Amino acid sequence: SSALSSTAESGDKRSEFPILLAALLVAVSVTNRVLYKVALVPLHGHVVQFSFVTALTYAIVYLSTLFARRQAGIVTEDMLRYARKSWKLFAVIGLLEAVSMAVGMSAARFMPGTVLPLISQLFLFFQMTAGVLVLRKVYSVKHVLGATGVATGVALASFAAIQTSSSSSSVAVSSASAFPWSAAIVYVLGLGLPAFASVMKESIFARYKDDKKLDVFVVNSIGSTFQALSLMLALPLGISMAATDGLGWLPHDPYSWLAVLSYIVVNIVFNVTALTLLRNTSAVVTSLTLSFSVPLASLAYSLPLPYLGAAPLPEPMYFALGNALMILGASTYAKAGMAKTRGGS
């Protein structure tokens, strides 16, 4: 009986682990989204520098992990040879992600934090468009319905957040007409760049023909390296822009780099946690978990945050309805499975 009880206990622990992991992912995802906005405030005139430091840190972490996995035999020489042959595609991916990071940060610093997590969900539409154009994907009715649900939910929830923030004096905008629509449009359009980059990464994985699947750290390491190189080339532009605004090379606020470091560390933990949950459950569970973090991230801005203060709570009815539609749409899309390609399966 002791053997049976120990087996039952181990089974309970295995079933509890994904639940605890999902809860951790929601908490880390919310923290990650909030720290992103917090870090942008003290670095308002140093976006290119912030982008470069962030990308360089990712490249170092990913390359170190790649080296360790190569030593362990997980990454093979054939994988590295394939990656070297595809360096031009990796260069394009790195450039797209570099421009996207700089453009996104430049626009996000003008926008209310409550709106950012919501409109970021429109990334799904750009990813679908890129999939059609690059990989010739054919999406099912469920995919389209799911994406439509996400877009409708974003519109309703964003309307609630904009309406509240526009009527409050505790944030940068004082009226609906003063809402930074131009920054929002730039931010949304900037989502198209990483969408195309993600689809290009998907094509790199699909074209690799071997018994072992191409290791994800091969793709992430080389892509992040080219991203950091692209931003390094843009540093003179960033320094020039800071000088135009009457600022120095780097921000003078001693706490600004602490905000940057906090964001980078939490972002790395977020990526590792999401990947771990994906390996232990499924893409559907991971997608739904991340969807649940979106309304919580918007609500988190109502807390007294460093540099930001406390934003007003969004109008409850439209906000709740919008987020419910987003989660339902994300669930429908995820359950539809992988999209087919023309001429393929």
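Residues numbered from 1 in each chain as written. Predicted model: local features only at pLDDT ≥ 70, side-chain atom pairs only at ≥ 80, totals over all residues. Heavy atoms only, no water.

1. Regarding the overall build of the protein chain
So, step 1. Looking only at helices and strands, one finds 14 helices and two strands in the protein chain.
So, step 2. Out of the 345 residues in the protein chain, the part that is buried amounts to 46%.
So, step 3. For the protein chain, long-range pairs separated by at least 24 residues make up 85% of all intrachain contacts whose partners lie at least 6 apart in sequence.
So, step 4. Of the roughly 17200 Å² that the protein chain leaves accessible, carbon and sulfur atoms contribute 69%. (Helix = DSSP H or I, 4+ residues; strand = E, 2+ residues; numbered from the N terminus. Buried < 20%, exposed > 50% of the residue type's maximum accessible area, 1.4 Å probe, protein only. Contact = heavy atoms within 4.5 Å. Areas by Shrake-Rupley, 256 points an atom, 1.4 Å probe, with all protein chains shown as cover.)

2. What to know about a nonpolar patch on the surface
So, step 1. A cluster of nonpolar residues, V132, L133 and V134, forms a patch on the protein surface that exposes about 230 Å² of accessible area.
So, step 2. Along the chain, the position of L133 falls in helix 6 (residues 123-135).
So, step 3. Its relative accessible area of 59% is what places L133 among the exposed residues. (Patch = residues over 30% accessible without salt bridge, like charges linked within 9 Å, V, L, I, M, F, W, Y side chains within 5 Å. Salt bridge = Lys/Arg side-chain N within 4 Å of Asp/Glu carboxyl O.)

3. Description of the side chain of K37
So, step 1. Position of K37 relative to the elements: it lies in helix 1 (residues 2-40).
So, step 2. For K37, the side chain forms a polar contact with the main-chain oxygen of M111, separated by 2.6 Å.
So, step 3. If near-sequence neighbours (up to four positions away) are discounted, K37 is found in contact with A108, R109, F110, M111, G113, L116, Y301 and L308. (Polar contact = N/O pair within 3.5 Å; in protein donor to acceptor, adjacent residues only side chain to side chain.)

4. Considering the nonpolar core
So, step 1. By size, the foremost hydrophobic cluster in this structure holds 61 residues, and its most contacted members are F50, M111 and Y187.
So, step 2. Contacts of M111, omitting those with residues within four sequence positions, involve K37, L116, I119, P180, A183, A184 and Y187. (Core = buried A, V, L, I, M, F, W, Y, C linked by side-chain atoms within 4.5 Å.)

5. Digging into the confidence of the model for the protein chain
So, step 1. Considering every residue of the protein chain, the mean pLDDT works out to 82; 87% of them sit at 70 or more.
So, step 2. Considering each helix and strand of the protein chain separately, the mean pLDDT is smallest for helix 1, with a value of 74, and largest for helix 3 (residues 77-85), with 94.
So, step 3. Every residue in residues 4-8 is under pLDDT 50, and counting partners more than four places away or in other chains gives zero contacts.
So, step 4. Scored below 50 in pLDDT, residues 169-176 makes 16 contacts in the model with residues more than four places away or belonging to other chains. (pLDDT = per-residue confidence, 0-100.)

6. Examining helix 3
So, step 1. Turning to helix 3, its buried residues number three or more, namely M79, L80, Y82 and A83. One side of helix 3 carries all its buried residues, which in axial view fall inside an arc of 160°. (Arc of directions from axis to C-beta.)

7. Brief notes about the pattern of salt bridges
So, step 1. As enumerated under the stated definition, the model contains six salt bridges in all.
So, step 2. Here D78 makes a salt bridge to R81, at a shortest N to O gap of 3.2 Å. Pair noted here: D78 and R81 are both in helix 3, with a separation of three residues, about one helical turn.
So, step 3. A salt bridge links E202 to K137, with the shortest nitrogen-to-oxygen separation between them at 2.7 Å. Of the two residues, E202 is situated in helix 9 (residues 192-207) and K137 in strand 1 (residues 137-138); the sequence distance between them amounts to 65 residues.

8. Some points on the packing of aromatic side chains
So, step 1. Throughout the structure, instances matching the rule amount to five aromatic pairs.
So, step 2. Measuring from centroid to centroid gives 5.7 Å for Y36 and Y263, while their planes differ by 55°, and the two rings are tilted. Placement of Y36 in helix 1 and of Y263 in helix 12 (residues 256-280) is noted, with a sequence separation of 227 residues between them.
So, step 3. According to the relative accessible area criterion, Y36 is buried, its value standing at 15%.
So, step 4. Taken together, Y36, F50 and Y263 form an aromatic cluster joined through their ring pairs. (Phe/Tyr/Trp six-rings, centres within 6.5 Å; stacked < 30°, edge-to-face > 60°.)

9. Considering unusual backbone geometry
So, step 1. Positive phi, close to 55°, is recorded for R136, a residue that is not glycine.
So, step 2. As for its placement among the helices and strands, R136 is situated in the loop between helix 6 and strand 1.
So, step 3. Given a relative accessible area of 46%, R136 falls into the partly exposed group.

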